[in-house]
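Observations on the model geometry
Spelled out from the first residue to the last, the chains are:
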Amino acid sequence: MKDYIILTDSCSDLPADLVEELELEVLPLSFVMEGKEYFNYPDNRDIDPKDFYNMMRNGALGTTSAINVAIFTETMTNLVEQGKDVLCIAFSSGLSTTYQSAVIAAKDVMDAHPDSKILVCDSRAASLGQGLLVYLAAQEKKKGKSLEEVRDFVEERKDHIDHWFTVDDLNHLKRGGRVSAAAALFGTMLQMKPVLHVDDEGHLIPVSKVRGRKASINALLEKMDELVDDPSVVFISHGDCFDEVEAMGKAIKAKYKVDKLVINYVGPVIGNHTGAGVIALFFQGKHK
């Protein structure tokens, strides 16, 4: 069986040590803040996440860019010329054009290298939800599953990767069109915190509002109680609020048999749209 590489992008928010352990290829998305372009590498070589969130707290706003066809083409070409096939698991098409770029590049590279095979999956996921899907795919690869078998696993499993988010500042969602200006104003005045999830099509959808930070965190845990199917692997990402998510992780491990708990920052590309204080919980559920 021909060897293959799992390729993903930095919106998976996987920590660098896990990227290395899983032998992944990760392409960085980019963003511009205060006139400077940064790339969102897993090892944070361009910018430390704490620095990024401190810049946001001080009023800096960035603009983000998807990975273009040329970058995917270059990377995929390098991999197939090394004799590898490729399974690409891309950031949700409901939130970015990254997936479409990967599909175009894969066709171009296979046309130029007819003996190669590149399969592209739309994760319909974001942040460590995408990361969780990639992690599970890598575990299947370790079991000796073929490229097609892992692709089929990803297509089935992505409908069971639950994403539950809350944000601390509604104004960032207002900028992205997720809530109205009036809702952001009154919600901020009343200390209302939204609870959101990523739906079956990979879009970020507001579900409910609760009053206060503690209630919003409890709402995420309640969603896990309601929907969890397999609690063995749980991922949590955050916008520079480690103490809160560490406490969440401890509460989850006290309640469920968790074999793998990963906590990492929401990277700056997604964090630019959610702001500091975002908390996101990911697990395998009965459905999304």
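Throughout what follows, the structure given in this document is the object of discussion. Quick caveat, the model's predicted, so the values are computed rather than measured.

With that settled, the discussion passes to the packing of helix α9 (residues 213–227) against helix α10 (residues 242–255). Two elements in contact, α9 and α10, have axes separated by 12 Å at closest approach and are oriented at 35°. Every pair of crossing elements has a handedness; the one defined by α9 and α10 is right-handed. Listed contacts from α10 to R213, I217, L220, L221, M224 and D225 of α9 are E244, M248, I252 and K255. For the contact of α9 with α10, a count of residues per class yields six nonpolar, no polar and four charged.

Pairing within the open sheet is antiparallel, and its three strands lie in the order β4-β3-β5. Looking at the sheet topology across the chains shown, the edges are occupied by β4 (36–39) and β5 (62–65). Strand-to-strand twist in this sheet, taken as the mean axis angle between neighbours without regard to direction, amounts to 25°. Pairing between strand β3 (residues 30–33) and β5: four bridges, direction antiparallel.

Two elements in contact, helix α5 (residues 127–142) and helix α6 (residues 147–157), have axes separated by 10 Å at closest approach and are oriented at 145°. In this structure, the crossing between α5 and α6 has a hand that is right-handed. Across the interface between the two elements, L133, L136, A137, E140 and K141 of α5 pack against V150, F153, V154 and R157 of α6. Residues of the contact of α5 with α6, tallied by class, amount to six nonpolar, no polar and three charged.

A separate point is the pairing of strand β7 (residues 118–122). Of all the five residues making up β7, five are buried; the element is thus mostly covered by neighbouring parts of the structure. Burial along β7 is two-sided: the residues I118, V120 and D122 and L119 and C121 are all buried. As judged from the five bridges shared by strand β6 (residues 85–90) and β7, these two strands associate in the parallel manner. Its bridge partner lying in β7, C88 is registered against V120. The handedness of the β6 to β7 crossover, carried by helix α4 (residues 98–112), is right-handed.

Cut-off values and rules
- Starting afresh in each chain, residues are numbered from 1 along the sequence in its written order.
- Totals for whole chains, interfaces and linings use every residue, but because this is a predicted model, local features are given only for residues with pLDDT of at least 70 and side-chain atom pairs only at 80 or more, for both listing and counting.
- Side-chain metrics rest on all non-hydrogen atoms present in the structure, leaving aside hydrogens and water.
- To obtain each axis, a line is fitted to C-alpha atoms, and for helices this fit is confined to the stretch in contact; angles are then taken between N-to-C directions over 0 to 180 degrees.
- Segments assigned H or I by DSSP are reported as helices when at least four residues long, segments assigned E as strands when at least two residues long, and all are numbered from the N terminus.
- In this scheme the handedness of a crossing depends on how the near helix is turned from the far one: anticlockwise by less than a right angle means left-handed, clockwise means right-handed.
- Contact criterion: two residues are considered in contact whenever any of their non-hydrogen atoms come within 4.5 Å of each other.
- Under this grouping Gly is polar, as are all residues other than the nonpolar Ala, Val, Leu, Ile, Met, Phe, Trp, Tyr, Cys and Pro and the charged Asp, Glu, Lys and Arg.
- Strand pairing is assigned whenever DSSP identifies at least 2 bridges connecting the two strands.
- The buried label goes to any residue with under 20% of its type's maximum accessible area, the exposed label to any with over 50%, and the partly exposed label to all in between, with areas taken from a 1.4 Å probe on protein chains only.
- We call a crossover right-handed when, viewed with the strands running away from us, the connection from the first strand over the helix to the second turns clockwise.

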